[in-house]
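# Geometric and topological summary
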Amino acid sequence: MAIGQGTSPATRALVTTRPRKGREQQPLRARRQSAGFTPWLFLVVPLAFLVVLTYVPVANMLWYSLTSWDGLEPQKDFVGIDNFVQIFTKPEIFQVFFVSLYYLVGAVAQLVLALYLATLLSFRTRFKNLFKGVIFFPYLINGVAIGLVFLYFLRPGGTLDALLVAVGIQDPPQWLGDPSFVNASLAATSVWRYMGLNFVLFLGAIQSVPAEQYEAADIDGANSWHKFRFIILPSIRRILGLSFILAIAGALSAFEMPYIMTGGANGSETFVIQTVNTAFKFSKVGLASAMAVVLLVIVLIITFVQRRVFPDEKGGES
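Read on for a plain summary of the structure. (Residues numbered from 1 in each chain as written. Predicted model: local features only at pLDDT ≥ 70, side-chain atom pairs only at ≥ 80, totals over all residues. Heavy atoms only, no water.)

Bringing the overall build of the chain into the picture now. Looking only at helices and strands, the chain has 16 helices and zero strands in total. The proportion of buried residues among the 318 residues of the chain is 31%. A sequence separation of at least 24 residues applies to 65% of the contacts in the chain between residues at least 6 apart. Here the chain has roughly 20500 Å² of accessible surface; of this, 66% comes from carbon and sulfur atoms. (Helix = DSSP H or I, 4+ residues; strand = E, 2+ residues; numbered from the N terminus. Buried < 20%, exposed > 50% of the residue type's maximum accessible area, 1.4 Å probe, protein only. Contact = heavy atoms within 4.5 Å. Areas by Shrake-Rupley, 256 points an atom, 1.4 Å probe, with all protein chains shown as cover.)

Tracing the backbone through its elements, the reader meets Asn-198 in helix α9 (residues 182–207). Ignoring any residue separated from it by four or fewer positions in sequence, one finds Asn-198 in contact with Gln-110, Leu-111, Ala-114 and Ser-243.

Take the pattern of salt bridges next. Scanning the entire structure with this criterion turns up two salt bridges. Residue Arg-193 pairs with Glu-256 through a salt bridge whose shortest N-O separation is 2.8 Å. Of this pair, Arg-193 sits in helix α9 while Glu-256 sits in helix α13 (residues 256–261), and the two are 63 residues apart along the sequence. Assessed through its relative accessible area of 28%, Glu-256 is described here as partly exposed. Here Lys-227 ties to Asp-218 by a salt bridge, and the two come within 2.5 Å at their closest N and O atoms. In this structure Lys-227 comes out as buried when scored by relative accessible area, which is 18%. (Salt bridge = Lys/Arg side-chain N within 4 Å of Asp/Glu carboxyl O.)

Another aspect to go through is the packing of helix α14 (residues 271–281) against helix α15 (residues 285–309). Across the interface, α14 lies against α15 with an axial gap of 7 Å and an inter-helix angle of 160°. With respect to α15, the axis of α14 lies roughly antiparallel. Here the hand of the crossing between α14 and α15 comes out left-handed. Residues Phe-271, Val-272, Gln-274, Thr-275, Thr-278 and Ala-279 of α14 form the contact with α15, whose participating residues are Val-285, Leu-287, Ala-288, Met-291, Ala-292 and Leu-295. Class assignment for the residues of the contact of α14 with α15 results in nine nonpolar, three polar and no charged. (Axes fitted to C-alpha atoms, helices over the stretch in contact; angles between N-to-C directions. Parallel < 35°, antiparallel > 145°, perpendicular 65-115°, else oblique. Left-handed = near helix turned anticlockwise from the far one by under 90°. Nonpolar A, V, L, I, M, F, W, Y, C, P; charged D, E, K, R; others polar.)

Our focus in this paragraph is the nonpolar core. Of all hydrophobic cores here, the largest spans 21 residues; its most connected members are Phe-199 and Ile-206. When contributions to this core are tallied by element, the ones reaching two or more residues are α5 (100–121), α9, α10 (211–219) and α11 (224–235). Here Ile-206 is in contact with Leu-115, Ala-118, Thr-119, Ser-122, Tyr-214, Ile-232 and Ile-236, once residues within four sequence places are set aside. (Core = buried A, V, L, I, M, F, W, Y, C linked by side-chain atoms within 4.5 Å.)

Within the chain, Phe-127 stands out as a residue other than glycine whose phi angle is a positive 60°. Within the secondary structure layout, Phe-127 lies in the loop between α5 and α6 (128–140). Judged by its relative accessible area of 53%, Phe-127 is exposed. At Asn-266, a position not held by glycine, the phi torsion is positive, near 60°.

Here α6 is 13 residues long and its end C-alpha atoms lie 19 Å apart, about the 18 Å a rise of 1.5 Å per residue gives. Lining the buried residues of α6 we find α5, α7 (143–154) and α9. (Expected span 1.5 Å × (residues − 1).)

Time to look at the packing of aromatic side chains. As enumerated under the stated definition, the model contains eleven aromatic pairs in all. Between Phe-136 and Tyr-139, the aromatic rings sit 5.9 Å apart at their centres with planes inclined by 40°, giving tilted as the arrangement. Placement of the pair is Phe-136 and Tyr-139 together in helix α6, with a separation of three residues, close to one helical turn. Owing to a relative accessible area of 24%, Phe-136 belongs among the partly exposed residues under this scheme. Taking the relative accessible area as the measure of exposure, Tyr-139 reaches 30% and is therefore partly exposed. Of the aromatic side chains, those joined through ring pairs into one cluster are Phe-136, Tyr-139 and Tyr-194. Lying over the aromatic face of Trp-69, Lys-76 brings its terminal NZ or CZ to 4.6 Å of the ring centre. (Phe/Tyr/Trp six-rings, centres within 6.5 Å; stacked < 30°, edge-to-face > 60°. Lys NZ or Arg CZ within 6 Å of the ring centre and 35° of its normal.)

Taking 1.5 Å per residue, 25 residues should reach 36 Å; α15 reaches 36 Å between its end C-alpha atoms and fits that length. Residues of α15 that are buried include every one of Val-285, Gly-286, Leu-287, Ala-288, Ser-289, Ala-290, Met-291, Val-293, Val-294, Leu-295 and Gln-306, and no others.

Here we take up the environment of Ser-185. Along the chain, Ser-185 falls in helix α9. Separated by 35 residues in the primary sequence, Ser-185 and Phe-150 have C-alpha atoms spaced 9.5 Å apart. When residues no more than four places from it in sequence are discounted, the contact partners of Ser-185 are Leu-154, Trp-175 and Leu-176.

Right under this line is the structure:
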């Protein structure tokens, strides 16, 4: 029908503004396709870094673990699983994992202290901002600096010995020289260093709990322990699981503190220190790569077990 003079103005406006399928829907379809492709453009660089800096080195490590490469020669002789057999058959290689028990106990103590302090400082406490800064500050300090500070703090005649002598202990032990005390001293240093990270994680999780839940608990007559058990713990369950995994992984891969303070002497050598010495001191990169693979597998197994024993809320509901 042609639009003539007898057509009303409203009809003419409707006809002239009606979208044309061929011309209007094509740009819309193109915009949708470009909108779906745009996020991948932002992911190209991060994915490239992830592949180049993570997956490629891991693949190389897996290959090196099956060779007898010394790190210098271009030729890499394939030896199969001989490196892994050495790890599990030579006691001097695998027994250093027992040193990690000290750091594991320290990690558990660290989690308990961090959770207690985070719970305490989540509510009204005098000078709580000052305490937050004091607790978190050690995590901001460089690990080498902390190692040197505690090296002088724990050495014979150092600050700790002076304090003990002042309170009447005239013959303090050798904190870093006695194999009975060295690992406990190093684990305590690690607790002081890394507790601030767990403290901040717990603090943020606890403060995200709605205040209405605490008000309802007060109305029901709940005490502080009931609030902690039935409100705080279920609310921060995922953060607790993450911190537990990080604590175990950190205990198994302890390196910085013992390497700086003792160099692995006096029975303080950890599995990572032994791996580094095997690769760069004894030029056995193939064996060291196998040791790194074993450590990676142990951490993955522990993570899997933890996820099965303490599943997420959604996983538990399903």
